[in-house]
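These are the residues of each chain, in order.
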Protein chains: 2
Amino acid sequence: MVERAGGESLLFLTDEQLRKGIEAMFFAYRGFTADPDRILSGIDYGRAHHRAIHFVHRSPGTTVSNLMTILGVTKQSLNRVLRTLIDDGLIRSEKGLVDGRERHLFLTPKGQELERQLSDAQRARMRAAYRAAGPAAVAGFRQVLEAMMDPEMRNAYNRLKEGGA
Amino acid sequence: MVERAGGESLLFLTDEQLRKGIEAMFFAYRGFTADPDRILSGIDYGRAHHRAIHFVHRSPGTTVSNLMTILGVTKQSLNRVLRTLIDDGLIRSEKGLVDGRERHLFLTPKGQELERQLSDAQRARMRAAYRAAGPAAVAGFRQVLEAMMDPEMRNAYNRLKEGGA
DNA sequence: GAATTTACGTCAGCCTTGTTGACATTCCAA
DNA sequence: TTGGAATGTCAACAAGGCTGACGTAAATTC
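Residues numbered from 1 in each chain as written. Chains lettered and ligands numbered in written order. Predicted model: local features only at pLDDT ≥ 70, side-chain atom pairs only at ≥ 80, totals over all residues. Heavy atoms only, no water.

## Section: helix α1 (residues 15–42) of chain A
Phase 1: Here α1 of chain A is 28 residues long and its end C-alpha atoms lie 41 Å apart, about the 40 Å a rise of 1.5 Å per residue gives.
Phase 2: Where α1 of chain A bends most, the angle comes to about 40°, and this point is A34 of chain A, followed within four residues by the proline P36 of chain A. (Helix = DSSP H or I, 4+ residues; strand = E, 2+ residues; numbered from the N terminus. Expected span 1.5 Å × (residues − 1). Bend = angle between axes of the 7 residues up to and from the residue.)

## What to know about the UniProt feature "domain: HTH marR-type" (unreviewed entry) in chain A
Phase 1: UniProt's entry tags residues 15–150 of chain A with the feature "domain: HTH marR-type" (unreviewed entry), counted in the numbering of this structure.
Phase 2: A helix fraction of 74% and a strand fraction of 9% characterise residues 15–150 of chain A, whose end C-alpha atoms lie 21 Å from each other. (UniProt positions renumbered as here; feature names shortened; annotations may be inferred.)

## Let's talk about the packing of aromatic side chains
Working definition: an aromatic ring pair is given by the centre-to-centre distance plus the angle between the planes.
Phase 1: Under the defined criterion, the tally for this structure stands at 15 aromatic pairs over all chains.
Phase 2: Considering the side-chain rings of Y29 of chain A and Y29 of chain B, the 3.7 Å spacing of their centres and the 10° angle between planes classify their relative orientation as stacked. In this pair, Y29 of chain A sits in helix α1 while Y29 of chain B sits in helix α1 (residues 15–42), so the two residues belong to two different chains. Of the two residues, Y29 of chain A and Y29 of chain B, neither departs from the other in class, the shared state being buried.
Phase 3: With a centroid separation of 5.3 Å and 40° between ring planes, the pair formed by Y29 of chain B and F32 of chain B is classed as tilted. Note that Y29 of chain B and F32 of chain B are positioned in helix α1 at a spacing of three residues, about one turn of the helix. Of the two residues, Y29 of chain B and F32 of chain B, neither departs from the other in class, the shared state being buried.
Phase 4: Clustering of aromatic rings is evident, with ring pairs tying together F26 and F27 of chain A together with F55 and Y157 of chain B. (Phe/Tyr/Trp six-rings, centres within 6.5 Å; stacked < 30°, edge-to-face > 60°. Buried < 20%, exposed > 50% of the residue type's maximum accessible area, 1.4 Å probe, protein only.)

## Details of the relation of the copies chain A and chain B
Phase 1: Overlaying chain A with chain B gives an RMSD of 0.0 Å, the required rotation being 180° about an axis along which the chain moves by 0.0 Å. Within this description, the copies of the chain are treated as partners about a two-fold rotation axis. For chain A, the residue whose C-alpha comes nearest the rotation axis is F141 of chain A, separated from it by 1.8 Å.
Phase 2: Most of the interface of chain A is mirrored in chain B, where 100% of its interface residues are also at the interface. (Least-squares fit on C-alpha atoms with pLDDT ≥ 70 in both. Contact = heavy atoms within 4.5 Å.)

Okay, structure coming up:
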């Protein structure tokens, strides 16, 4: 009755199972962004600002072009967001010492404060989900997500992982 | 060395682990939407059209207000998308028989054709990820995602699950 | 040393997709 | 009959993507 290959059930690969996974991703991503979005809607920023702040926090001193790659947006789009964050004193931009064409990005204390607020909210939901599901589920969660990424993004993700380990 | 509670390791709840999960969600969601987006960019539609088509396919005869709730958008926003899909002959809207105020939505053959194209692409990636990660990982994946949803969305998700089981 | 390429900033315009507010219609229900 | 619910639609606006073009400074290459 159950399809098998090498003794392993393949029931989890039915279209029905895949569809459930697709819908789970859709609804879960909504939850994933809900809490930071709520905070940001109060102040003048949006999800794009959150992403920039997150990755500058994550990789202090990163360059503009590196951030463009990570976020997958054009420089014009990124610049609009970065411009407001710099003007508002949340991000500091420093001309590169070894290569003067590059701009290195850092969070100011004010920027760090907002980052903490946002990531606290997002981590709280993540923590609750992790706790509810348990460590084994979390390992599987990460495995599937990683397998779902485009290869280039998987590389970017793994470089970030190492850096923060 | 390892924190323990009830004999179970809590290492998976460190801020570092949570941050990795957050970044995994971000990069994976990009991959998740990449293939349908590529198809849609060719024709005249966007991600919003995909979502509408998906859930109309999923729940044939669903009403407009139900779709609004599922998608989490306003009726004006939904109507704009629905309008083009109806005008282009991908979705059919039928006045309710028992309650004449309601409009029930269905995919036309043309709509079903596009739905199949889009979901084939999305399922292909999902299938590859599932296969790479294995059945145990998939179970964990689904558990964590479900725990991450807002309660209302979890209900919506579970109603869909039952219907399709 | 001159020419080219790279990294970045910026202006302008366009598109999608979300929002709010207002108003009309139709129909169910008390 | 009257209020509320479900829907459609018009208008205006905002966020955040995009492309294209142009400018500047700095590095690299010839």
